[in-house]
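# Examining the three-dimensional arrangement
Residue-level listing of the chains:
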Amino acid sequence: MSKPVIVADPSKGVKVDAGVVAAPFRKEIRDKVEALKAHGVDAPLLVGLLANKDPAAKQYAEWTRKACESDGLRYELRCVDDAIDVEAELMKANEDPKVHGIIVYYPIFGQEESFSGASQDDYLRDSVSFKCDVEGLCHTYRTNLYRNVRYLDYPNQSQKCLLPCTALSVVKILEKCPNCYDESKAVGRQLEGRTVTIINRSEIVGRPLAAMLANDGAEVYSVDINSIYKFSGGRLHKCELTPEECVRQSSIVITGVPTKNYMLPTEWIQPNATVVNVASFKNVDEEALLKIPGVVYVPLVGKVTVAMLERNLVRLFDQFHHPDVVYRKEQKKAGEAPWYGSLIQLYTAVAITALLVHQALRRK
Ligand SMILES: NC(=O)C1=CN([C@@H]2O[C@H](COP(=O)(O)OP(=O)(O)OC[C@H]3O[C@@H](n4cnc5c(N)ncnc54)[C@H](O)[C@@H]3O)[C@@H](O)[C@H]2O)C=CC1
Ligand SMILES: Nc1nc(=O)c2c([nH]1)NC[C@@H]1CN(c3ccc(C(=O)N[C@@H](CCC(=O)O)C(=O)O)cc3)C=[N+]21
């Protein structure tokens, strides 16, 4: 795909509708679903599990349903009254071959502790089967992201790892912005020389995003309410800078603070910087920001997040649920050696060894 679709204005800031980034992805999804249907295959099914009263989660679910329906995908929202029942609902969906993707809306338990000391939401994230995890938040995908492993089946490289949708949406937006990704460099180095500050270090947004941008070569300051970490060159360091020092050094700034009162001081922002707001609240004074020359400002990323969610669903379907894939697996199983096969192998190995030893002794 060619870039950039987003153009800066050297005299002032420009505000960008992320819909221009989402559109080509959604077109690709619609075409793929059409092709499946033409071959008599039902459209992939995404199941949403909603067990909280968070208006942002409810709105996100509604947006997802609309987008899926208009792109030919199937979406089913399952509301769970008691949070304690989410695990059972999740297991039911994991094991149902008719379900191809699952999204659990967080927070459910928030920071409430489970018996293990880890949060109950973390436990639920890890309980989504990797074959259904449209958000790429389960342990399999997280450990691969944090170790910069991009395929599930190394070294075959036929199955890609899934990436968290919101973080991925920010990457796709930055790829279309000027002064961010350098496509003349190799994959994994395209953000070399760029400094990024991300104000949010949650498991679904800030932490995976910091890792992804660092995997692409950037120096990333990851700021949360208590601390700052620097991600660079595959390493994580505690950092003693202030948020102001981090932002002033950065040509890319991502905000994701879930409160009405938080405002990023615009005097910290460099000319020509890219500023992306992921939060449902405006974390920056738009009017002041748009006076800074060359600034590109993306106020909302939801449209791209939803497109990435759909894209992840189609990827899960292709990799794990497509009738051809399931058929191939069954064929392979049928062709596997019977139980006595390994006995025959063992017997043969012993016989050959005995023969070789016998011959060696005779030659002496
Ligand atoms: N548009 C989209 O695609 C998505 C939007 N969101 C929105 O993004 C926001 C964040 O969501 P989550 O990460 O799930 O929330 P969260 O509550 O899990 O995490 C918030 C993060 O911000 C940090 N933070 C809070 N106050 C801060 C401050 N004053 N200074 C620096 N850091 C501070 C926290 O330490 C934490 O790391 C919400 O408004 C949510 O609705 C979330 C996911 C997707
Ligand atoms: N497991 C999980 N993953 C999430 O990603 C997740 C979640 N749980 N829980 C709730 C938050 C919230 N969230 C939003 C995503 C998109 C819009 C969205 O589409 N916003 C529109 C704007 C809507 C408007 O304000 O007009 C846009 O950005 O264009 C909003 C909120 C995802 N979250």
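Note that residues are indexed from 1 along each chain, following the sequence as it is written. Throughout, the order in which chains and ligands are written sets their labels, letters from A for the former and numbers from 1 for the latter. The predicted nature of this model means local features are confined to residues of pLDDT at least 70 and side-chain atom pairs, given and counted, to a pLDDT of 80 or more, with totals for whole chains, interfaces and linings taken over all residues. Where side-chain values are given, they derive from all heavy atoms of the structure, hydrogens and water being excluded.

Named according to an unreviewed UniProt entry, the protein chain is Methylenetetrahydrofolate dehydrogenase (NAD+) originating from Fistulifera solaris.

Our focus in this paragraph is the overall build of the protein chain. Strands here are runs of E lasting at least two residues and helices are runs of H or I lasting at least four, both read from the DSSP assignment and numbered beginning at the N terminus. Each helix and strand counted, the protein chain has twelve helices and eleven strands in total. Along the first, second and third principal axes, the C-alpha atoms of the protein chain reach 90 × 55 × 45 Å. To sort residues, take the accessible area from a 1.4 Å probe on protein chains only and compare it with the maximum for the residue type: under 20% means buried, over 50% means exposed, and anything in between is partly exposed. Looking at the protein chain residue by residue over its 364 residues, the buried ones come to 46%. Restricting the contact set of the protein chain to residue pairs at least 6 apart, pairs at least 24 apart contribute 63%. Summing over all exposed atoms, the protein chain offers an accessible surface of approximately 19,400 Å²; the carbon and sulfur share of this is 55%. Seen as two clouds, the 46 positive and the 46 negative side-chain charges of the protein chain have centres 7 Å apart. Here, two residues are considered to be in contact whenever any of their heavy atoms come within 4.5 Å of each other. Note that accessible areas follow from Shrake-Rupley with a 1.4 Å probe, and for residues the cover is restricted to the protein chains shown. Here the positive residues are Lys and Arg and the negative ones are Asp and Glu; neither His nor the chain ends is included. For charged residues, the charge sits on one atom: NZ in Lys, CZ in Arg, CG in Asp, CD in Glu.

Turning our eyes to something else, we now look at the side chain of S127. Its place among the elements puts S127 in helix α4 (residues 120-127). Among the polar contacts made by the side chain of S127, one reaches the main-chain carbonyl oxygen of Y123 at a distance of 2.7 Å. Residue contacts for S127: discarding those within four places in its chain leaves L90, M91 and N94. We call two N or O atoms a polar contact when they sit within 3.5 Å, provided that within protein one can donate a hydrogen and the other can accept it, with sequence-adjacent residues counted only if both atoms are side-chain atoms.

Distance thresholds for patches are 9 Å for like charges and 5 Å for nonpolar side chains (Val, Leu, Ile, Met, Phe, Trp, Tyr), applied to residues having over 30% relative accessible area and no salt bridge. Take a side-chain nitrogen of Lys or Arg and a carboxyl oxygen of Asp or Glu: if they are within 4 Å of each other, that pair is a salt bridge. A cluster of basic residues, K131, K329, K332 and K333, forms a positive patch on the protein surface. Structurally, K329 can be placed in helix α11 (residues 323-335). Owing to a relative accessible area of 46%, K329 belongs among the partly exposed residues under this scheme.

Here the focus is the site of ligand 1. Close to ligand 1 lie 20 residues, the nearest being N200, R201, S202, S280 and T305. In the model, an oxygen atom of ligand 1 is placed 2.9 Å from a nitrogen or oxygen of the N200 side chain. Between ligand 1 and S280, the relevant distance is 2.6 Å, taken from an oxygen atom to a side-chain nitrogen or oxygen of the residue. Burial of ligand 1 by the surrounding chains reaches 73%, relative to a free accessible area of 850 Å². Only Asp, Glu, Lys and Arg are considered charged in this grouping, and only Ala, Val, Leu, Ile, Met, Phe, Trp, Tyr, Cys and Pro are considered nonpolar; every other residue, Gly among them, is considered polar. Considering only residue class, the shell around ligand 1 consists of eleven nonpolar, seven polar and two charged. Nearness is judged by heavy atoms alone; a residue qualifies as near a molecule or strand once a single heavy atom is within 4 Å of it.

UniProt positions are given in the numbering used here, feature names are shortened, and annotations may be inferred rather than shown by experiment. Those places that UniProt annotates as "domain: Tetrahydrofolate dehydrogenase/cyclohydrolase NAD(P)-binding" (unreviewed entry) correspond, in this numbering, to residues 164-316. With 31% helix and 20% strand, the stretch residues 164-316 has end C-alpha atoms that lie 13 Å from each other.

For two strands to pair, DSSP has to find at least two bridges joining them. One open sheet accounts for eight strands, arranged β1-β11-β10-β9-β5-β6-β7-β8; its pairing is mixed. Looking at the sheet topology across the chains shown, the edges are occupied by β1 (14-15) and β8 (235-238). An axis is simply a line fitted to the C-alpha atoms; with a helix, the fit covers only the stretch in contact. Between two such axes, the angle follows the N-to-C directions and lies from 0 to 180 degrees. Sheet strands touched by helix α7 (residues 206-215): β5 (195-199), β6 (219-223), β7 (228-232) and β9 (252-255). Its angle to β5, the strand with the most contacts, is close to 170°.

Attention now moves to the site of ligand 2. In the vicinity of ligand 2, 15 residues are found, and the nearest of them are Y60, V104, Y106, E135 and G302. One nitrogen or oxygen atom from the main chain of V104 is found 2.7 Å from a nitrogen atom belonging to ligand 2. E135 places a polar side-chain atom, nitrogen or oxygen, 2.6 Å from a nitrogen atom of ligand 2. Taken by itself ligand 2 offers 680 Å² of open surface, and the protein chains cover 79% of this. Where the shell around ligand 2 is concerned, the elements lending two or more residues are α2 (55-70) and α10 (302-321). The leading source of residues in the shell around ligand 2 is α2, at five residues.

Where helix α3 (residues 86-95) meets α4, the closest approach of the two axes is 10 Å, and the angle between their N-to-C directions is 10°. Overall, the two elements α3 and α4 adopt an arrangement that is roughly parallel. Across the interface between the two elements, V86, E87, L90, M91 and N94 from α3 touch Y123, L124 and S127 from α4. Looking at the contact of α3 with α4 residue by residue, the class counts come to five nonpolar, two polar and one charged. An angle below 35 degrees is treated as roughly parallel, one above 145 as roughly antiparallel, one from 65 to 115 as roughly perpendicular, and anything else as oblique.

Turning to the pattern of salt bridges, a few remarks are in order. One pass over the full model with this rule turns up 22 salt bridges. In this structure, K12 engages D9 in a salt bridge whose closest nitrogen and oxygen atoms are separated by 3.6 Å. Here K12 falls in the partly exposed class, since its relative accessible area comes to 41%. Judged by relative accessible area, D9 falls into the partly exposed class, the value being 21%. Notably, a salt bridge pairs E244 with R248, separated by 2.8 Å at the nearest N-O pair. Separated by four residues within a single helix, E244 and R248 lie in helix α8 (residues 243-249), roughly one turn from each other. According to the relative accessible area criterion, E244 is partly exposed, its value standing at 31%. The class of R248 is partly exposed, set by a relative accessible area of 41%. The network of salt bridges with common partners includes R26, R30, D71 and E310.

With that settled, the discussion passes to empty space enclosed by the protein. Summary: where empty space remains is shown by rolling a probe the size of a single water molecule over the atoms. For cavity detection a 1 Å grid was placed over the protein atoms alone, and a set of points counts as a cavity when a 1.4 Å probe fits there but cannot get out; an open set counts as a pocket when protein lies on both sides within 12 Å along at least five of seven lines, with lining residues being those that have an atom within 4 Å of a point. Grid points are joined across faces, edges and corners, and a volume is the space filled by probe spheres set on the points. This structure, assessed with the given rule, holds one cavity of 30 Å³ or more. Here the largest cavity defines a volume of roughly 50 Å³. In terms of residues, the lining of the largest cavity owes the most to one element, strand β4 (residues 101-104), which gives three residues.

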